[in-house]
Amino acid sequence: MKNLKYPLLVMCASMVAGCASPLDSYQDEPQYRSLQSKYVEHDRQVAESSHDLPDVMVNALEDLDQLSVDDAIRIAIEHNPQLRANGYQIDAATGRVMQSGLYPNPTVSLAGESIGADQGDGGESTVHIEQEILLGGRLKHAKSIARSDRDAAREEYIANEFAIAAHTSNAYFHAVSAQERIGMHQELVELSTQLLDGIKARVEAGSASEIDLLRGEVAFEQSRLGLDAAQFQAQSSHEFLISMLGLDEPIDIPMSTSIDELPDLPLYEDILSSTLSANSRVSLARVAIERARNEHQLAKANSRPDLFVSVGPRYSDIDNETTIDVGLSLEVPLFDRNQGAIDAALSERLSASAQMQSIQIELASEVSAAWSVYQSALSATNRYQNRVIPKAEQTLDLTRQAYQGGKADYLRLLDAHQIVIESRLAYLTTLEQLHSAAALLNQLSQSKASWRIARNDKQENGEDNQ
């Protein structure tokens, strides 16, 4: 067996050569690493533990004196567990790209014949190295499919980014408007309290009846009901915003972005063009088309048989000599030529192309609907600002003067004040619709990503972006 030393070295070298193939270098994605780095140890512990562990909460507001809507979006994105999951899926897809580029391992077999025969030395020993050789570019197509899956994972991440940005924007302005509603209802309660006190004084003086007092008390109770509902709504909105930001404590700093600050949007044509070219659903459809194309190519490549090559030394004790065995084997594609899979892959390829057109039609319809809501809300906002609220306030001023002069009763004054409050509340609702439509349009067009700009600025300044 000593003569097998050199063939064994050849075998080892062949194994190394058989395993070697061009590999994808690990794709470091700063955009995803930034989110994962602060949670990776916790997620690893959860994955390895049989018990649920509390999530890691980060005090993201400690360096802020006030919270703008852009700050809220950035914090929500950097602390969102779904984005962490998407980031890990990108890592998993990157690993599959690496795995798909590996060549099949060679097979090594060691055999002996007539070993230990009574006649003494007379056996044979062989070492065979067998390597499967993939034909038809199968490895290349499989790797292209894996790359498409990685691209799809990245697009899913980006789609969730913009969805979280839109939801956070809505939560932020809901919280802001809810707080302003409390102030308006407090005004109404204060007025109804003053009027009720005045009515009581009149009843005691004999200038007002018990019916007037009851009507005043009903108006006061209604104003209290409105204030209670506004406070409950504000608490709910505040808690929802906290959950969106991934925080575990109330927000104790002022929210600096006023709901009166109207969003600055591009033209409709620009939004539609950006949506049809840059939206993640369109990108995913493009990835699906590319993946289907490579699936079709792989199916055709699978119709070609693989070649198996074997080589190895054979040592004979009888002849005291070493020979080399060489073998080739090739499957004959007589019945199965993968024809069914090829037809199916072609149909999937055509289906992916049709799906792209369907998605673009859906997106165009969604942009049109969101733009209609935005324009309607913008028009209503301008009308409330320039006509409705000023006229309601003018009516209140005149009614107050008439009340003070004894020419109007308290109910008319209360009604005038209620009209002002209702106009302002409707104005707030319109502003919420305006910001919600703007957030949806940005989600569809994916044209503004202020959280990425803020992150890059911090990285350039050498600061911790977490």
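Quantities reported herein were computed from a predicted structural model and do not represent experimental measurements. (Residues numbered from 1 in each chain as written. Predicted model: local features only at pLDDT ≥ 70, side-chain atom pairs only at ≥ 80, totals over all residues. Heavy atoms only, no water.)

Colleague: Before we go on, may I ask you to explain the overall build of the protein in this structure?
Modeller: Of the regular secondary structure elements, the protein holds twelve helices and four strands. Counting over 466 residues, the protein shows a buried share of 39%. A fraction of 81% describes how many contacts in the protein between residues 6 or more apart in sequence connect residues 24 or more apart. Of the accessible surface of the protein, which amounts to about 25800 Å², a share of 52% is contributed by carbon and sulfur atoms. (Helix = DSSP H or I, 4+ residues; strand = E, 2+ residues; numbered from the N terminus. Buried < 20%, exposed > 50% of the residue type's maximum accessible area, 1.4 Å probe, protein only. Contact = heavy atoms within 4.5 Å. Areas by Shrake-Rupley, 256 points an atom, 1.4 Å probe, with all protein chains shown as cover.)

Colleague: Can you walk me through the packing of aromatic side chains in this structure?
Modeller: On inspection of all chains with the given rule, the structure shows four aromatic pairs. Taken together, a centroid distance of 6.4 Å and an interplanar angle of 55° make the contact between Tyr384 and Tyr427 tilted. Of this pair, Tyr384 sits in helix H10 (residues 339–404) while Tyr427 sits in helix H11 (residues 410–445), placing them 43 residues apart in sequence. Considered together, Tyr384 and Tyr427 belong to a single accessibility category, that of buried residues. (Phe/Tyr/Trp six-rings, centres within 6.5 Å; stacked < 30°, edge-to-face > 60°.)

Colleague: I'm lost on the packing of helix H9 (residues 280–301) against H10 in this one. Help?
Modeller: Each pair of packed helices gets described by two things: the angle between the helix axes and the distance between those axes. Axis separation between H9 and H10 bottoms out at 8 Å; the angle between their running directions is 170°. Regarding the angle of H9 to H10, the classification is roughly antiparallel. Looking at the contact of H9 with H10, its residues break down into 14 nonpolar, four polar and nine charged. (Axes fitted to C-alpha atoms, helices over the stretch in contact; angles between N-to-C directions. Parallel < 35°, antiparallel > 145°, perpendicular 65-115°, else oblique. Nonpolar A, V, L, I, M, F, W, Y, C, P; charged D, E, K, R; others polar.)

Colleague: Could you clarify how one ought to interpret a nonpolar patch on the surface in this entry?
Modeller: A surface patch of nonpolar side chains, about 290 Å² in accessible area, is lined by Val311, Ile324 and Val326. Residue position: Val326 is located in strand S4 (residues 321–330). (Patch = residues over 30% accessible without salt bridge, like charges linked within 9 Å, V, L, I, M, F, W, Y side chains within 5 Å. Salt bridge = Lys/Arg side-chain N within 4 Å of Asp/Glu carboxyl O.)

Colleague: Sorry if this is basic, but what is going on with the sheet that holds S4 here?
Modeller: Within a sheet, neighbouring strands are paired by backbone hydrogen bonds and run either parallel or antiparallel to one another. The sheet built from four strands is open, its strands ordered S1-S2-S3-S4 with antiparallel pairing. Because the sheet does not close on itself, it has two edges, and the strands there are strand S1 (107–113) and S4. Across the sheet, the axes of successive neighbouring strands diverge by a mean angle of 20°, strand direction being ignored. Summarising the sheet, strand S2 (residues 124–133) and strand S3 (residues 307–316) pair through eight bridges and their orientation is antiparallel. For Ile129, the partnering residue across the bridge sits in S3 and is Val311. (Pairing = 2+ DSSP bridges.)

Colleague: Teacher, can you tell me more about unusual backbone geometry here?
Modeller: For residues other than glycine, phi is negative in most cases, and the peptide bonds are mostly trans. One non-glycine residue with positive phi stands out, namely Asn338, at about 60°. Position of Asn338 among the secondary structure elements: in the loop between S4 and H10.

Colleague: Sorry, what's going on with helix H6 (residues 138–205) here?
Modeller: Note on helix geometry: an α-helix contains 3.6 residues per turn, so any two residues three or four positions apart are oriented the same way. With 68 residues, H6 ought to run about 100 Å at 1.5 Å a step, and its terminal C-alpha atoms sit 100 Å apart, in line with that. Count one or two residues on from H6 and you reach Gly206, which has phi positive near 85°. (Expected span 1.5 Å × (residues − 1).)

Colleague: Teacher, can you tell me more about the environment of Tyr384 here?
Modeller: A sequence separation of 43 residues divides Tyr384 from Tyr427, and the C-alpha atoms of the two residues are 6.2 Å apart. Once residues lying within four places of it in the same chain are set aside, the contact partners of Tyr384 are Ile389, Pro390, Ser423, Ala426, Tyr427 and Thr430.

Colleague: What exactly am I supposed to notice about the side chain of Ser450 here?
Modeller: Considering the arrangement of structural elements, one finds Ser450 in helix H12 (residues 450–460). For Ser450, a relative accessible area of 18% corresponds to the buried category. A distance of 3.4 Å separates a polar atom in the side chain of Ser450 from a polar atom in the side chain of Asp70. (Polar contact = N/O pair within 3.5 Å; in protein donor to acceptor, adjacent residues only side chain to side chain.)

Colleague: What is the right way to read the nonpolar core from this model?
Modeller: Grouped burial of nonpolar side chains is what soluble globular proteins tend to show. Counting residues in each nonpolar core, the largest one holds 80 residues, and the members touching the most others are Leu61, Leu67, Tyr172, Leu245 and Ile251. Contributions of two or more residues to this core are made by helix H4 (69–78), helix H5 (81–100), H6, helix H7 (210–245), H9, H10 and H11. Per element, the largest residue contribution to this core is 20 residues, and it comes from H6. When neighbours within four sequence positions are excluded, Tyr172 is seen to be in contact with Leu67, Ser68, Val69, Ala72, Leu241, Met255, Ser256 and Thr257. (Core = buried A, V, L, I, M, F, W, Y, C linked by side-chain atoms within 4.5 Å.)

Colleague: Where do I start with the packing of H6 against H7 in this structure?
Modeller: At a minimum axis distance of 7 Å, the contact between H6 and H7 shows a crossing angle of 160°. When the axis of H6 is compared with that of H7, the two are roughly antiparallel. With respect to the hand of their crossing, H6 and H7 are arranged in left-handed fashion. (Left-handed = near helix turned anticlockwise from the far one by under 90°.)

Colleague: Just to check I follow, could you spell out the pattern of salt bridges for this structure?
Modeller: Oppositely charged side chains can form a pair if their charged atoms are brought close together. All chains considered together, the criterion is met by 15 salt bridges. Linking Arg181 and Glu432 is a salt bridge whose minimum nitrogen-to-oxygen distance equals 2.8 Å. Here Arg181, found in helix H6, pairs with Glu432, found in helix H11; they are 251 residues apart in sequence, far enough to count as distant. Exposure remark for Arg181: the relative accessible area of 18% places this residue in the buried category. Notably, a salt bridge pairs Arg400 with Asp397, separated by 3.3 Å at the nearest N-O pair. In this pair, Arg400 and Asp397 are both assigned in helix H10, three residues apart and thus about one turn of the helix distant. Connected through shared salt-bridge partners, Asp71, Arg74 and Glu78 make up one network.

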